[in-house]
Amino acid sequence: MLEPEEFQQIRPILIEEIREIKEFRRSTGSGLHSQVFPTRGLKMYQCLTGTTLESSGQIWEAQLSLYGALCPACSKPFRTPRAHFCAECGYTLPDGEVAGPLERAAIGPANSAGE
Ligand SMILES: [Zn+2]
């Protein structure tokens, strides 16, 4: 999982890799299953977290800011910081309360958080 400032370091690389894939596909006429698999973003993610992901798409989903705090009933993260209902166990926060942001401290070291 990435802190916002860490994701901001990787984001330009991911966007550049998407641009490179599109350019390769355009220039070669290859389809969606082209054999181009940029790895700069994945390598940077590994350097930052110590965790190896299989595809660059997983990096977009590994942002702490996308998830809510841990559910008090089941300890899984709420789906978003604005959620008040736990999709995992059905726990509902009191009226007017939302999960709030997921903090790295709640899930342990960078390289052990659900990856
Ligand atoms: Zn729950």
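Below is a summary of the structure that appears in this document. (Residues numbered from 1 in each chain as written. Predicted model: local features only at pLDDT ≥ 70, side-chain atom pairs only at ≥ 80, totals over all residues. Heavy atoms only, no water.)

### Things to note about the packing of helix H1 (residues 4-28) against helix H2 (residues 40-49)
Defined as follows: Here an angle of 0 to 180 degrees is reported between the N-to-C directions of two axes, which are lines fitted to C-alpha atoms, with helices fitted over the stretch in contact. A helix here means a DSSP run of H or I that spans at least four residues, while a strand means a run of E at least two residues long, and both kinds are numbered starting from the N terminus. In what follows, roughly perpendicular refers to angles from 65 to 115 degrees, roughly parallel to angles under 35, roughly antiparallel to angles over 145, and oblique to any angle outside these ranges. We call a crossing left-handed when the near helix sits turned anticlockwise from the far one by less than a right angle, and right-handed when that turn is clockwise. Contact definition: two residues touch when any of their heavy atoms are within 4.5 Å. Each residue receives one of three labels: charged for Asp, Glu, Lys and Arg, nonpolar for Ala, Val, Leu, Ile, Met, Phe, Trp, Tyr, Cys and Pro, and polar for the others, Gly being one of them.
Running from N to C, H1 and H2 cross one another at 165°; their axes reach a closest spacing of 8 Å. It follows from the interaxial angle that H1 and H2 lie roughly antiparallel. Crossing handedness for the pair H1 and H2: left-handed. Note on element contacts: H2 touches H1 through Arg40, Gly41, Met44, Tyr45 and Leu48, opposite Glu6, Gln9, Ile10, Ile13, Leu14, Glu16, Glu17 and Glu20. Looking at the contact of H1 with H2, its residues break down into six nonpolar, two polar and five charged.

### With respect to the coordination of the zinc ion
For a metal with four tetrahedral donors the ideal donor-metal-donor angle is 109.5 degrees, while six octahedral donors give ideal angles of 90 or 180 degrees. Short version of the rule: Listed donors are limited to N, O and S atoms within 2.8 Å of the metal, widened to 3.2 Å for Na, K and Ca; water is not among them, so incomplete-looking sites are possible. Key to geometry: four donors with every angle between 85 and 135 degrees are tetrahedral; four donors are square planar and six octahedral where opposite donors lie over 155 degrees apart and all remaining angles lie between 65 and 115; all other sites are irregular.
Distances from the zinc ion to its protein donors, namely Cys71 (SG), Cys74 (SG), Cys86 (SG) and Cys89 (SG), fall within the range 2.3 Å. In this structure, the zinc ion is surrounded by four donor atoms whose angles at the metal cover 105 to 112°, and the resulting shape is tetrahedral. The sequence pattern describing where the donors of the zinc ion fall on their chain is C-x2-C-x11-C-x2-C. Here Cys71, found in the loop between helix H3 (56-61) and helix H4 (104-107), pairs with Cys86, found in the loop between H3 and H4; they are 15 residues apart in sequence, far enough to count as distant.

Nothing here speaks to function; it is all geometry.
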